[in-house]
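Structural description and commentary
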Amino acid sequence: MYRHFGEVDAAGTSPLYERVAVALSESDEALDAIRTAPARKRHPALILAALHDLALAGRAPALAAAYASADGDAAADAAIDTLLRMTGPVVAIAARRQTRADETGRSAVLYPAIAEAARRVGAHTVGLIDVGRSAALNLQVDRVGISYGDGRSLGDPSSPVQLSSSVVGDRPVPTRAMPEVVARVGVDLDPVDVTDTDDARWLRACLPPDQPERAARLEAEMALAATAPPLLLRGDAVEVLPDALARVPTDVLPVVTTTWALSRFPLESRPRFLHRLCEAAVDRPVAWVSAEGVGVAPTVPTLGDRRASGHSIIGLVVLDGPAVRSEAVGRCWSRGRLLAWLAGS
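Along the backbone of the protein there are 12 helices and 11 strands. Relative to its length of 345 residues, the protein is compact, with a C-alpha radius of gyration of 21 Å against a globular reference of 20 Å. For the protein, the spread of C-alpha atoms along the principal axes amounts to about 60 × 40 × 40 Å. With 345 residues in all, the protein has 54% of them scored as buried.

Okay, structure coming up:
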């Protein structure tokens, strides 16, 4: 597993992790230490993140120095040494944490879809409810700047967080502005508070140490979120969603967002998730904006695309009383870094 992670998963993206993971796979002592963790907590990404967390916290200075120098051999030696000397702390961190990948260009996908949802309902204000992103960074969608490859832009051009997305196809991304956001609620099984020192460090630790551009983007997104922290609700989304929807004022359109979250739901929970939205829509309109794999989001058309086709469908579902209107408004690749808009204006 560790050799595969290094030679396949990390290859081409993180030379440091490629070298470290292979070195761990060749060390019987290191593998014995990893085996002291619960079976489901032995994944390379999680153990490497736990080691990185110790380095960022100043508890493994030799490892931190090796990472800073981008010296693969030194990093491999220091990682093994840290794991053997600090097996208990590494396992303890892995046991209570999950790997996180919160920073990406998701806002480039979400912004135009949320604006379209508000237009269709005639809403002048929205309340955002993000499901399945631990730090709920999607909730800052209206506060970032977004540049598209066709020269169009959305959001705040002066924001410290600037994202870009390439556009394919002949239909431009609409430049309609989102209405005012008056509520921000995050729902996750294990939410991460970016204003908490340990939680914020863990998000940093989940990134390979030799990806400075991703680290800089994450820092900017966390700093922005910390200026207006959302309400974070812990629990299973199907069970917590009614509470989250109740936090949005009655005269405001709730817009629920999911980005590559439903694929982690048990199959039977996906229709139950939609049912919760239908229940809330008895009293007022509710919108759901999704970016999920083909066929993952209930009722969202697949456009004839095959599952596991390498791209995702951007779905827009508007629920109003008994009416459920579902549309595929776009396709995207690379977690939103490439976008094809499909909906009419």
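On inspection of all chains with the given rule, the structure shows 3 aromatic pairs. Their ring planes at 70° and their centres at 6.4 Å tell us that Tyr 17 and Tyr 67 sit as a pair that is edge-to-face. Of the two residues, Tyr 17 is situated in helix α2 (residues 15-25) and Tyr 67 in helix α5 (residues 61-69); the sequence distance between them amounts to 50 residues. Judged by relative accessible area, Tyr 17 falls into the buried class, the value being 6%. Between Phe 273 and Trp 288 the ring centres are 5.3 Å apart and the planes differ by 70°, which places this aromatic pair in the edge-to-face class. Placement of Phe 273 in helix α12 (residues 269-280) and of Trp 288 in strand β8 (residues 286-293) is noted, with a sequence separation of 15 residues between them. The same class applies to Phe 273 and to Trp 288, which are both buried. Following the ring pairs from residue to residue traces out a cluster consisting of Phe 265, Phe 273 and Trp 288.

Next up on the list: unusual backbone geometry. Excluding glycine, a negative phi dihedral is what most residues carry, and trans is how most peptide bonds are arranged. Even without being a glycine, Leu 303 presents a positive backbone phi close to 60°. Considering the arrangement of structural elements, one finds Leu 303 in the loop between β8 and β9 (312-320). The backbone phi angle of Ser 334 is positive, close to 50°, even though this residue is not glycine. Checked against the element boundaries, Ser 334 lands in the loop between β10 (323-333) and β11 (338-341).

On to empty space enclosed by the protein. For the coordinates displayed, the defined rule picks out 4 cavities of 30 Å³ or more. Taken as a whole, the second largest cavity spans an internal volume of roughly 40 Å³. Residue lining of the second largest cavity: Ser 290, Glu 292, Gly 293, Gly 295, Val 296, Ala 297, Val 300, Pro 301, Thr 302 and Ile 313, and that is the complete set. Here the lining of the second largest cavity takes 3 residues from β8, the largest share from any one element. Among the residues making up the lining of the second largest cavity, the classes are represented as 5 nonpolar, 4 polar and 1 charged.

We now examine the environment of Arg 284. Position of Arg 284 among the secondary structure elements: in the loop between α12 and β8. For the pair Arg 284 and Pro 254, spaced 30 residues apart in sequence, the C-alpha separation works out to 9.0 Å. In this structure, Arg 284 is in contact with Leu 245, Val 248, Pro 249, Thr 250, Val 252, Pro 254 and Leu 319, ignoring residues within four places of it in sequence. A distance of 2.8 Å separates a polar atom in the side chain of Arg 284 from the backbone oxygen of Leu 245. At 2.5 Å, the side chain of Arg 284 and the backbone oxygen of Pro 249 are in polar contact.

Calculation rules
Residues numbered from 1 in each chain as written. Predicted model: local features only at pLDDT ≥ 70, side-chain atom pairs only at ≥ 80, totals over all residues. Heavy atoms only, no water. Helix = DSSP H or I, 4+ residues; strand = E, 2+ residues; numbered from the N terminus. Rg over C-alpha atoms; globule rule 2.2 N^0.38 Å. Buried < 20%, exposed > 50% of the residue type's maximum accessible area, 1.4 Å probe, protein only. Phe/Tyr/Trp six-rings, centres within 6.5 Å; stacked < 30°, edge-to-face > 60°. 1 Å grid on protein atoms, 1.4 Å probe; cavity = no way out; pocket = protein on both sides within 12 Å on 5 of 7 lines; lining within 4 Å. Points joined across faces, edges and corners; volume = space filled by probe spheres on them. Nonpolar A, V, L, I, M, F, W, Y, C, P; charged D, E, K, R; others polar. Contact = heavy atoms within 4.5 Å. Polar contact = N/O pair within 3.5 Å; in protein donor to acceptor, adjacent residues only side chain to side chain.

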